[in-house]
Amino acid sequence: NVLASRNRQLDSLDTTVFDVLVIGGGASGCGCALDAASRGLKTALLEASDFASGTSSKSSKLIHGGLRRLPSAIRRSDYSIIRDMNNTLQERALILKNATHLVTKVPMVMPLQSHVQLPRLWLILKLYDLLAGFSNLQSSHLLNAVQTHKAFPLLDMADVAGSLVSYELQMDDARFCLALAMTAARQGARLANYVQVKKLFPPDNHGIRTCLAKDLLTSRQLLVRCICVVNATGPNVDTVRRLVSDRTVAVARPAAGTHIVLPGYFARTHALHSLELDEPFVMPWQGHTLVGCTEGPLGLEPTRDEVELLLAKFRSKLRPDVQLNSRHVLSAWKGLWATSSMEEQLLVSGNGLIIISRGNWTNYRAMAEAAIDAAVMSCRLLVMCDCRTKRLHLEGRPGFSEQLPRELVHSFGVPLDVAQHLTHSYGCNAVKVLSAIDGGHKRLHDQFPHIEAEVYYAVKYEYALTAADVLARRLRVAFVDVGAALEILPRVVHIMSKLLGWNEQVRDAQIRSTIGFLQQEMGMGSV
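Caption draft 1: Spotlight on the overall build of the chain. Across its full length, the chain carries 18 helices and 17 strands. Computed over its C-alpha atoms, the radius of gyration of the chain comes to 23 Å, within 12% of the 24 Å expected for a compact globule of 527 residues. Dimensions of the chain along its principal axes, counting C-alpha atoms only, are 70 × 60 × 45 Å. Looking at the chain as a whole, 57% of its 527 residues are labelled buried.

Below is the structure:
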């Protein structure tokens, strides 16, 4: 159960024949690695960037059952969608059980323009509750106009007769992905970020496939041998498929969506949403307000037009006296995801190659189970047990208690907001964070609960290798306020340089590259 260092992980990649090699360190990839390793399979995972550096850290932050699909399913009597939603809601319940510390229940307010809308929308939400069954988070209910105003004070109430409230789970997606990765490592999987797959060779006479990979930090070449390969690279799935054959027909159709983050007073306790597919949602997240998303051109840089569109749609729902413009935007990012040209989400080739053509956060576990089931069957892998992930607690969950924040305040003397942040980011490992280094309880920024010990913990126990890894995917500051991320960047680099032995040249390069990341992917200076 002890986490091996990155160097030890790399050394083992060269010397082991793995049952399963997973390519891609997002939700689907880390989910597959955890599923395979927990069955006793020799498992490796390679990620060309950082864990959750792509789509998996740029999601809507919601674990949901697909409520917006329900009206069309009812209208068309499409029972396959309804069955799929039922399965998805059961997966939501498993996430709440196995990663309690990483998710919170969020009330979703749906304003009613008139009481005429009430019967239809009430029926839809009650059917949604029914599909969740005993795993329902909380029954949907009606708010009158006064209660609606209290729930969302900045909402324009001129044409609002009341609202309906349903419930979903909200998460910190990047930290959830890290929990998957760390749990997989504790189950025996060998994980390596910043290792790029360069070539996949055909299986030899014994059915062993060789993968040529490169450590992007040291340029070290690695030859990883395996029986089965799981391609879980999301929108890049066809890029990896072309490493096998350049005559591959594309199956993924990448799409892009932009989110923006505003100050927290726009949505303090309740989210705002609609059943209309083109309407954005507004949700409290990390003490700020998340608005998303709008589809736009491919690429990682959010455009001013996309940001203005989101602002305009949200502004139309606010009171006339509420000011909202681009100066309120603290961060903006664009996520890429894959839609598929094929109906199947899972493609199995005859030469030990499993392809996940598309996926989502709520169904990551079920998709991973199906992928590893396919690997076991198609490659005749010997497992110690069947799938265990329905009952497998993720990193930080064992021993977690809702009383932990107060225990941290009492035992370590940290402020309550710091204790609450650590509890819901690290679970029971919050004690380990606070004990990681002497004098590490100092805040990194006056307006945020993050402390210096988290940087130490990220490097020592979460395979953080760059300043962007820490600011974007360990602490999440870059996702909620790029200005604050820029302010604490020098301090983060200083702490990391002591741990990783960076000289002045490397420190300067880290600052430049992180500023470039904030500009190109987090909207700094452009929106």
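Caption draft 2: Quick peek at helix H12 (residues 416–426). Taken together, the buried positions of H12 are Val418, Ala419, His421, Leu422, Thr423, Ser425 and Tyr426. Of the surrounding elements, those touching the buried residues of H12 are helix H7 (173–186), helix H11 (404–412), helix H13 (430–434), helix H14 (452–461) and helix H15 (467–474). Directly after H12, the chain includes Gly427, whose backbone phi takes a positive value near 60°.

Caption draft 3: The pattern of salt bridges, seen in detail. Per the stated rule, a full pass over the model turns up 27 salt bridges. Where Arg241 meets Asp238, a salt bridge forms, and the shortest distance between an N and an O atom there is 2.8 Å. One end of the pair is Arg241 and the other is Asp238, both in helix H8 (residues 237–241) and 3 residues apart, which spans about a single turn. With a relative accessible area of 14%, Arg241 lands in the buried category. A salt bridge links Arg473 to Asp469, with the shortest nitrogen-to-oxygen separation between them at 2.9 Å.

Caption draft 4: Structural detail: helix H1 (residues 6–15). Among the residues of H1, those classed as buried are Arg6, Gln9, Leu10, Ser12 and Leu13. Looking down the long axis of H1, one finds its buried residues gathered within 165° of arc, a one-sided arrangement. For H1, the exposed residues set more than 90 degrees away from the buried face come down to Asn7, Arg8 and Thr15.

Caption draft 5: Representation of the packing of H15 against helix H17 (residues 482–500) within the structure. For the pair H15 and H17, interaxial distance at closest approach is 9 Å and the crossing angle is 125°. In terms of axis orientation, H15 runs oblique to H17. Both H15 and H17 take part in a crossing whose hand is right-handed. Across from Ala467, Val470 and Leu471 in H15, the residues of H17 making contact are Ala485, Ile488, Leu489, Val492, Val493 and Met496.

Caption draft 6: Broad picture of the nonpolar core. Counting residues in each nonpolar core, the largest one holds 78 residues, and the members touching the most others are Phe176, Val230, Ile260, Leu262, Phe314 and Trp361. Per-element accounting of this core gives the leading share, 10 residues, to H7. Sequence-distant contacts of Ile260, defined by excluding residues within four places in its chain, comprise Thr289, Leu290, Val291, Val307, Leu310, Leu311, Val329, Ser331 and Ala332. The next biggest cluster of nonpolar side chains, apart from the first, holds 54 residues, and it includes Phe400, Tyr426, Trp502 and Met522.

Caption draft 7: Spotlight on the packing of aromatic side chains. Going through the model one piece at a time under the given rule, you end up with 9 aromatic pairs. The rings of Phe176, Trp361 and Tyr364 are connected pair by pair, giving a single aromatic cluster. Against the face of Tyr461 rests Lys432, its NZ or CZ located 4.0 Å from the ring centre. The cationic tip of Arg476 hangs over the ring face of Phe479; the distance from NZ or CZ to the ring centre is 4.4 Å.

Caption draft 8: View of the environment of Gly24. Here Gly24 is to be found in the loop between strand E1 (17–23) and helix H2 (27–38). Assessed through its relative accessible area of 4%, Gly24 is described here as buried. Counting along the chain gives 284 residues from Gly24 to Glu308, while the straight-line C-alpha distance between them is 33 Å. In contact with Gly24, not counting residues within four places along its chain, are Gly29, Cys30, Leu45, Leu46, Glu47, Ala232 and Thr233.

Caption draft 9: A positive patch on the surface, seen in detail. A grouping of Lys97, Arg388, Lys390 and Arg391 is seen on the molecular surface, where their side chains present a positively charged patch. Position of Lys390 among the secondary structure elements: in the loop between helix H10 (364–379) and H11.

Caption draft 10: Summary view of empty space enclosed by the protein. The tally for this structure, following the rule as stated, stands at 3 cavities of 30 Å³ or more. Its volume calculated, the largest cavity comes out at about 120 Å³. Forming the boundary of the largest cavity are 17 residues, of which Arg175, Glu395, Tyr426, Asn429 and Glu462 lie nearest the centre. Mapped onto the lining of the largest cavity, the elements with two or more residues apiece are H7, H12 and H14.

Conventions used here
Residues numbered from 1 in each chain as written. Predicted model: local features only at pLDDT ≥ 70, side-chain atom pairs only at ≥ 80, totals over all residues. Heavy atoms only, no water. Helix = DSSP H or I, 4+ residues; strand = E, 2+ residues; numbered from the N terminus. Rg over C-alpha atoms; globule rule 2.2 N^0.38 Å. Buried < 20%, exposed > 50% of the residue type's maximum accessible area, 1.4 Å probe, protein only. Contact = heavy atoms within 4.5 Å. Salt bridge = Lys/Arg side-chain N within 4 Å of Asp/Glu carboxyl O. Arc of directions from axis to C-beta. Axes fitted to C-alpha atoms, helices over the stretch in contact; angles between N-to-C directions. Parallel < 35°, antiparallel > 145°, perpendicular 65-115°, else oblique. Left-handed = near helix turned anticlockwise from the far one by under 90°. Core = buried A, V, L, I, M, F, W, Y, C linked by side-chain atoms within 4.5 Å. Phe/Tyr/Trp six-rings, centres within 6.5 Å; stacked < 30°, edge-to-face > 60°. Lys NZ or Arg CZ within 6 Å of the ring centre and 35° of its normal. Patch = residues over 30% accessible without salt bridge, like charges linked within 9 Å, V, L, I, M, F, W, Y side chains within 5 Å. Areas by Shrake-Rupley, 256 points an atom, 1.4 Å probe, with all protein chains shown as cover. Lys, Arg positive; Asp, Glu negative; His and termini not counted. Charge placed at Lys NZ, Arg CZ, Asp CG, Glu CD. 1 Å grid on protein atoms, 1.4 Å probe; cavity = no way out; pocket = protein on both sides within 12 Å on 5 of 7 lines; lining within 4 Å. Points joined across faces, edges and corners; volume = space filled by probe spheres on them.

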